[in-house]
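For reference, the chains in residue letters:
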Amino acid sequence: MIKLKLVLLLSALSISQPGLCGEGTGKITGFVPYFSGADETIIIMTQSITGTPACNNTARFAIKSSDPKFKGTRAAPMAAYLAGSPVIVRGSNTCNTHAKSEDLLYMCVGSIPC
């Protein structure tokens with residue numbers, strides 16, 4: 001019974017702890033829009049990045065046009081890059097969109113808190 005309680009406690013703690021999700025901050029230092037087959041992908045690089053998973057060894061974030069957030073996010077990197085606005089980019093702890101780039105979860109532009 002004690003072992004079961006310990007297993008349940010450890011499981012609950014592991015579920016409540018966030019994974020290593022990357023966070024990019026500062027200005028966007030570059031972005032790459034490109035097409036591969038029927039999908040458009042945007043890759044973003046920021047001034048600094050922390051907490052990213054090992055699969056993201058290029059310090060970049062990526063989002064694909066098949067992602068429901070793509071349409072609302074697509075113009076933000078360009079606008080932030082051209083305006084020199086600070087951003088916060090949060091990753092999803094996976095690198096499925098583009099090899100060696102963390103999948104983009106959300107992006108905030110300017111001084112709005114995320």
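Before any of the text, the structure's been laid out above.
The shown structure was predicted, so the numbers you read here are calculated from the model rather than taken from an experiment. (Residues numbered from 1 in each chain as written. Predicted model: local features only at pLDDT ≥ 70, side-chain atom pairs only at ≥ 80, totals over all residues. Heavy atoms only, no water.)

## Topic: the overall build of the protein
Move 1: Check the secondary structure of the protein and you find three helices and five strands.
Move 2: In the protein, the succession of helices and strands from N to C terminus is α-β-β-β-α-α-β-β.
Move 3: Looking at the protein as a whole, 27% of its 114 residues qualify as buried.
Move 4: Restricting to contacts in the protein with at least 6 residues of sequence separation, those with at least 24 account for 59%. (Helix = DSSP H or I, 4+ residues; strand = E, 2+ residues; numbered from the N terminus. Buried < 20%, exposed > 50% of the residue type's maximum accessible area, 1.4 Å probe, protein only. Contact = heavy atoms within 4.5 Å.)

## A closer look at the state of the cysteines
Move 1: By the definition in use, this model includes two disulfides.
Move 2: A sulfur-sulfur separation of 2.1 Å characterises the disulfide bridge that pairs C55 with C95. Looking down the S-S bond of the C55 and C95 bridge, the torsion is 75°, so its handedness is right-handed. Placement of the pair is C55 in the loop between β2 (39–50) and β3 (60–64) and C95 in the loop between β4 (87–91) and β5 (102–109), with a sequence separation of 40 residues. (Disulfide = S-S within 2.5 Å.)

## Thoughts on the sheet that holds β5
Sheet strands associate in pairs through backbone hydrogen bonding, adopting either a parallel or an antiparallel arrangement.
Move 1: Pairing in this closed barrel of five strands is mixed, and the strands run β1-β2-β3-β5-β4 around the ring. Between one strand axis and the next, the sheet turns by 45° as a mean value, whatever way the strands run.
Move 2: Where helix α3 (residues 75–83) meets the sheet, its contacts fall on β1 (23–36), β2, β4 and β5, and the angle it forms with β1 comes to roughly 125°. (Pairing = 2+ DSSP bridges. Axes fitted to C-alpha atoms, helices over the stretch in contact; angles between N-to-C directions.)

## Overview of the pattern of salt bridges
Move 1: For the structure shown, the criterion picks out three salt bridges.
Move 2: With a shortest N-O distance of 3.8 Å, E23 and R90 are connected by a salt bridge. Within this pair, whereas E23 is found in strand β1, its partner R90 is found in strand β4, the two being separated by 67 residues in sequence. (Salt bridge = Lys/Arg side-chain N within 4 Å of Asp/Glu carboxyl O.)

## Comments concerning α3
Move 1: Taken as a whole, α3 has its buried residues at A76, P77 and A80. Buried residues along α3 cover an arc of 95° about the axis, so they all sit on one side.
Move 2: Those residues of α3 that are buried lie in contact with β1, β2, α2 (70–73), β4 and β5. (Arc of directions from axis to C-beta.)

## Considering the side chain of T97
Move 1: With respect to the secondary-structure elements, T97 resides in the loop between β4 and β5.
Move 2: With residues up to four places along the chain from it excluded, the contact list for T97 reads T41, A62, I63, K64 and D103.

## Some details on the side chain of T41
Move 1: Looking at the secondary structure, you find T41 in strand β2.
Move 2: Accessibility expressed as a relative area gives 2% for T41, which makes it buried.
Move 3: Sequence-distant contacts of T41, that is, excluding residues within four places in its chain, are made with V32, P33, Y34, A62, I63, K64 and T97.

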